[in-house]
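# Structural characterization, general
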Amino acid sequence: MTVPEVCVVGAGPAGLALATALAKRGVTVDLLDPAPHQPWAPTYGVWEDDVAATHVARAIDHRWRRAAVHTDTGTHLLERPYLRLHTGRLHAQAIQDALDAGVVLQPSRVLALGAHTRRSQPIFTSVGTRHARLVVDATGRGLPETHALRPASVGPGVQVAYGQRITVDQHPWSTDTLTLMDWRRLRDVGPHAGDTEQHPTFLYALPFSETEVFVEETVLSTRPARPIAECEARLQARLRQLGVGVREVHETERCFIPMGGPLPVLERSERALLPFGAAAGLVHPATGYSLATSLRLAPVVADTLVEALSVTDGRGAARAAWQTIWPLEARRNRALYQYGLDLLVDLPLHAMQRFYDAFFSADGARPSEDQLWKGYMADRLSTAKVATLMARVFAAADPHTRLKLMRGGPESDHMALGRALLGI
């Protein structure tokens, strides 16, 4: 049996993107997944300018001209087009692109990774033992061998959401504007909704027409995860409060997205193993976005692997690619994002509203190219610009929010933040 150079585990967007990029560069790639042709469950919303140069433009389901963020003190309009992707088309195109590039899809479940030898990395699967020079963990939650590389910690925050695509009699939203976040206080939520002040949620609403809309109630980040039933109860309360009468439910979505937490330390690994996508920590700790980052990095990581595999073994190639995924500046930025996440996990509703009022007011009337919130949400800023945005938010905040920003959250590690920013 011919041993492939790379075995990618996981047929999600990140795994298929990297597998395809490698195959297009002449690398032999097997992709292992229990059901590679099974449609993806999540739906994806992305900013148009984040994916303009990627293949996802072929899978656009709907486009909104701008976004809105609501709090009890006002509305922030964000003049930036936003897309919802058609998950079925996105998946079908990713599979076809992989097959056209020469990726071999293998329906199987990975049980464990064996001890690395000089020539290959053994992979124990549900259909037997396979080998490759390098294994890419693109499983999302991560293989056990990837989890073992993460330092002990309090654990990541978790974004929890419950959503529905519905037909309604009428709704209050303009069809050219999505509601990115509606933090306005809920009333009359009922006994199953939990404490809406201490554990706040926001509404995400995508109006497709005057009578069809996707609505989702979301816990931005919590540790530990809040019950999904709370989000469901709050969504129903939110719709009642907005006067939205549901005629038919077409889709239901339940999401649990780990956010933040320590990165794997690849120097500890004795295997030829490279985490990628969410398994590599590419979920933005402060927003939950990851698709655009994984798609942007896939060809760059593929270039690094092609070069590294020509001069070293799989372990060396994995470590070279890890530096491409997480160079020093990206690690510094992540430390800043993690500080923000630890702050947000602990904020009650009134403080969360104040924070987002400051965040979306921070850029003021500056021209579009100097509005740093866009790069922050896409993880495209330099560390200096992330720090500049943080300074702008601090300046725009009220005194209570400034004090909270300085103190951080209960799990904030100020020493670790300092070390990361200094590159220690």
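Residues numbered from 1 in each chain as written. Predicted model: local features only at pLDDT ≥ 70, side-chain atom pairs only at ≥ 80, totals over all residues. Heavy atoms only, no water.

In this section: helix H7 (residues 328-345). Counted at 1.5 Å a residue, the expected span for H7 with its 18 residues is 26 Å, and the 26 Å between its end C-alpha atoms agrees. When H7 is considered as a whole, its buried residues turn out to be Asn333, Arg334, Ala335, Leu336, Tyr337, Gln338, Tyr339, Gly340, Leu341, Asp342, Leu343 and Leu344. (Helix = DSSP H or I, 4+ residues; strand = E, 2+ residues; numbered from the N terminus. Expected span 1.5 Å × (residues − 1). Buried < 20%, exposed > 50% of the residue type's maximum accessible area, 1.4 Å probe, protein only.)

With respect to the helices and strands, the residue Thr175 is situated in the loop between strand E13 (157-168) and strand E14 (177-182). In this structure Thr175 comes out as partly exposed when scored by relative accessible area, which is 30%. Taking the C-alpha atoms as reference, Thr175 lies 9.1 Å from Arg65; in sequence the two are 110 residues apart. Ignoring anything within four residues of it in the chain, the contact list for Thr175 reads His62, Trp64, Pro207, Ser209 and Glu210. (Contact = heavy atoms within 4.5 Å.)

A few words on helix H10 (residues 383-396). Relative to the 20 Å expected for 14 residues at 1.5 Å per residue, H10 spans 20 Å between its end C-alpha atoms, a close match to the ideal helical length. Every buried residue belonging to H10 is among Thr383, Val386, Leu389, Arg392 and Val393, and all of these are buried.

Summed over the entire model, instances satisfying the criterion amount to 16 aromatic pairs. When the ring of Trp47 is compared with that of Trp373, the centres are 5.6 Å apart and the planes differ by 75 degrees; the resulting orientation is edge-to-face. Taken as a pair, Trp47 in strand E3 (residues 44-47) and Trp373 in helix H9 (residues 372-378) lie far apart in primary sequence, 326 residues in all. Judged by its relative accessible area of 1%, Trp47 falls in the buried class. Overall, the relative accessible area of 4% leaves Trp373 in the buried class. Residue placement shows Arg165 over the ring face of Phe208; its charged tip is 3.8 Å from the ring centre. In this structure, Arg402 is placed above the aromatic ring of Phe394, and the distance from its NZ or CZ to the ring centre is 5.6 Å. (Phe/Tyr/Trp six-rings, centres within 6.5 Å; stacked < 30°, edge-to-face > 60°. Lys NZ or Arg CZ within 6 Å of the ring centre and 35° of its normal.)

One can describe the packing of H7 onto H10 by two numbers: an axis separation of 9 Å at closest approach and a directional angle of 20 degrees. With respect to H10, the axis of H7 lies roughly parallel. Classified by chirality, the crossing of H10 by H7 is left-handed. Facing H7, whose interface residues are Glu329, Arg332, Asn333, Leu336 and Tyr337, H10 presents Thr383, Val386 and Met390. Among the residues forming the contact of H7 with H10, the class breakdown is four nonpolar, two polar and two charged. (Axes fitted to C-alpha atoms, helices over the stretch in contact; angles between N-to-C directions. Parallel < 35°, antiparallel > 145°, perpendicular 65-115°, else oblique. Left-handed = near helix turned anticlockwise from the far one by under 90°. Nonpolar A, V, L, I, M, F, W, Y, C, P; charged D, E, K, R; others polar.)

Counting residues in each nonpolar core, the largest one holds 65 residues, and the members touching the most others are Val136, Leu274, Phe276, Val301 and Ile325. If you tally residues by element for this core, the top one is helix H5 (residues 291-309), at 10 residues. Residue contacts for Val136: discarding those within four places in its chain leaves Val6, Cys7, Val8, Val9, Leu18, Leu274 and Phe276. In this structure, Leu178, Met352, Phe360 and Ala362 belong to the second largest nonpolar core, which totals 41 residues. (Core = buried A, V, L, I, M, F, W, Y, C linked by side-chain atoms within 4.5 Å.)

The next subject is the pattern of salt bridges. Taken as a whole and judged by the stated rule, the model has 25 salt bridges. Arg80 is the salt-bridge partner of Asp50, the closest N and O atoms lying 3.3 Å from each other. Pair noted here: Asp50 is in the loop between E3 and strand E4 (60-64) and Arg80 is in the loop between strand E6 (74-78) and strand E7 (82-85), with a separation of 30 residues, a long-range link. In this pair, the class of Asp50 matches that of Arg80, namely buried. Residue Asp398 is joined to Arg354 by a salt bridge in which the shortest nitrogen-to-oxygen separation is 4.0 Å. Of this pair, Asp398 sits in the loop between H10 and helix H11 (399-407) while Arg354 sits in helix H8 (residues 349-361), placing them 44 residues apart in sequence. Of the residues examined, Arg354 reaches a relative accessible area of 33% and is grouped as partly exposed. (Salt bridge = Lys/Arg side-chain N within 4 Å of Asp/Glu carboxyl O.)

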